[in-house]
Amino acid sequence: MTVVAVLGMGLMGRAAAGRLAAAGQEVVAWNRSPEALEPLQGIDRLSATTDLAAAIAPADRVVLWLADGAAIRSVLLEGVIGALLADKTVVQMGTIAPEESRAIGAELTALGCDYYEAPVLGSIPELSAGKLLLMVGATPQQFDRDRAWLQTFGPEPLLVGPVGSAAALKLAMNQLIGSLTTAFAASLALVQREGIAVETFLQILRPSALYAPTFDKKLQRMLDRDFDRPNFPTKHLLKDLDLFTQAAGSQGIETAPVQAVRAVVERAIALGLGNTDYSALFEAIAPVTEPQP
């Protein structure tokens, strides 16, 4: 039976390890800190370790859910682990820059790895249900070979192009997360401050061409100012906006609108909301005001 090593037990990595095990695959979950491994104890077909070599050695496939490109380099390319990677398939599923993915892929391929990228759109509920949208940067041969395995995470993985192309598409999507959330928060705030019923606002918005489902997804959190239990923390959105700006800037694309969104995200983090759900952008845009006497 194929053994899958999942490296990085953040919110998505932990959910991915559980999803693979639930689908009947043998999984070894790795994380530097043992605390992140504790929720995985007792799951069938899943073992957890802080020993990187012990995680990689028995695996046929190594799945990366690490924080960024620097973390991938630190884990796989700056120690003695490289020799263990020969003949293994390495699948990069986190969010990194396209140039980072291409460079890391070239170095891993030189070690004898079979590398491709498969970043996703969706969060923990979609991952747990196997309903993520997968963007795959790979050769057609890699995609055809691993399509059935990728369907563990989502029913219709899409081959975007070669390595780097899926990473770029993922950044384009995450830029929209920041921009749409910021725009909706600003409109919602004005509606509330002008005393207009929120349902009236939505009665006009929902059937219009301006509507995006994410608005309803984040609405109640904003109304309640309940930003705990994040599926995607605000601090990760800041990282992704910076990666988008870097990639877009290198292509001669104007990034001033993204910088304006970034300032809102940075303000939310300064308010202590970096580890909360990104709906906390509402707090940065419309802080609670004292009632007028």
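Residues numbered from 1 in each chain as written. Predicted model: local features only at pLDDT ≥ 70, side-chain atom pairs only at ≥ 80, totals over all residues. Heavy atoms only, no water.

## Topic: the UniProt feature "domain: 3-hydroxyisobutyrate dehydrogenase-like NAD-binding" (unreviewed entry) in the protein chain
What UniProt calls "domain: 3-hydroxyisobutyrate dehydrogenase-like NAD-binding" (unreviewed entry) maps, in this numbering, to residues 164-283. Taken end to end, residues 164-283 has its terminal C-alpha atoms 35 Å apart, with 72% of it in helix and 0% in strand. (UniProt positions renumbered as here; feature names shortened; annotations may be inferred. Helix = DSSP H or I, 4+ residues; strand = E, 2+ residues; numbered from the N terminus.)

## Observations regarding the nonpolar core
Counting residues in hydrophobic clusters, the biggest one holds 32 residues, and the most contacted among them are Val 6, Met 93, Trp 149 and Phe 153. Within the residue set of this core, elements represented by two or more residues are β1 (3-7), α1 (11-22), β2 (26-30), α5 (124-128), β8 (133-137) and α6 (140-150). No other element matches the six residues that α1 contributes to this core. When near neighbours in sequence (up to four residues on either side) are disregarded, Val 6 contacts Gly 13, Ala 17, Leu 20, Val 27, Val 28, Ala 29, Trp 30, Val 63 and Trp 65. Core analysis: the second largest hydrophobic core is formed by 25 residues, Leu 52, Leu 66, Ile 104 and Val 163 among them. (Core = buried A, V, L, I, M, F, W, Y, C linked by side-chain atoms within 4.5 Å. Buried < 20%, exposed > 50% of the residue type's maximum accessible area, 1.4 Å probe, protein only. Contact = heavy atoms within 4.5 Å.)

## Considering the pairing of β2
With four of its five residues buried, β2 lies for the most part within the structure. Pairing geometry for β1 and β2, over five bridges, is parallel. Each bridged residue has a counterpart across the sheet, and for Val 3 the counterpart in β2 is Glu 26. In this region the chain leaves β1, passes through α1 and returns to the parallel neighbour β2; the handedness of that crossover is right-handed. Where β2 lies against strand β3 (residues 46-49), four bridges are found, and the strand directions are parallel. By the bridge assignment, Trp 30 is partnered in β3 with Thr 49. (Pairing = 2+ DSSP bridges. Right-handed = clockwise from strand over helix to strand, strands pointing away.)

## Brief notes about the layout of surface pockets
Sizing a probe to match a water molecule and rolling it over the atoms shows the empty space that remains. Its volume calculated, the largest pocket comes out at about 1200 Å³. Considering the residues around the largest pocket, the lining is formed by 46 residues, among which Met 12, Gly 122, Lys 170, Asn 231 and Phe 232 are closest to the centre. Every element with two or more residues in the lining of the largest pocket is listed here: α1, β7 (120-121), α7 (165-193), α9 (213-224) and α10 (234-250). Of all the elements, α7 adds the most residues to the lining of the largest pocket, at seven residues. When its residues are assigned to classes, the lining of the largest pocket shows 22 nonpolar, 14 polar and ten charged. Counted as a void, the second largest pocket has a volume near 240 Å³. In this structure, the second largest pocket is lined by 15 residues; those nearest its centre are Pro 98, Ala 247, Ala 248, Ser 250 and Gln 251. (1 Å grid on protein atoms, 1.4 Å probe; cavity = no way out; pocket = protein on both sides within 12 Å on 5 of 7 lines; lining within 4 Å. Points joined across faces, edges and corners; volume = space filled by probe spheres on them. Nonpolar A, V, L, I, M, F, W, Y, C, P; charged D, E, K, R; others polar.)

## Observations concerning the side chain of Thr 152
Within the secondary structure layout, Thr 152 lies in the loop between α6 and β9 (158-161). Contacts of Thr 152, omitting those with residues within four sequence positions, involve Arg 19, Leu 20, Ala 23, Gln 25 and Gly 130.

## A word on helix α3 (residues 69-77)
Buried residues of α3: Gly 69, Ala 71, Ile 72, Val 75 and Leu 76, and no others. Here the buried residues of α3 occupy an arc of 155 degrees about the axis, which is enough to place them on one side. Next to the buried residues of α3 lie β1, β2, α2 (52-56), β4 (61-64), β5 (89-92) and α4 (98-110). N-capping of α3 is provided by Asp 68, with a side-chain oxygen placed 3.3 Å from the backbone N of Ala 70. (Arc of directions from axis to C-beta. Polar contact = N/O pair within 3.5 Å; in protein donor to acceptor, adjacent residues only side chain to side chain.)

## Re α1
For α1, which comprises twelve residues, the first-to-last C-alpha distance of 17 Å matches the rise-based estimate of 16 Å (1.5 Å per residue) to within 8%. Taken as a whole, α1 has its buried residues at Met 12, Gly 13, Ala 15, Ala 16, Ala 17, Leu 20 and Ala 21. Next to the buried residues of α1 lie β1, β2, β3, β7, α5 and α6. Gly 24 sits one or two residues past α1 and shows a positive phi near 95 degrees. (Expected span 1.5 Å × (residues − 1).)

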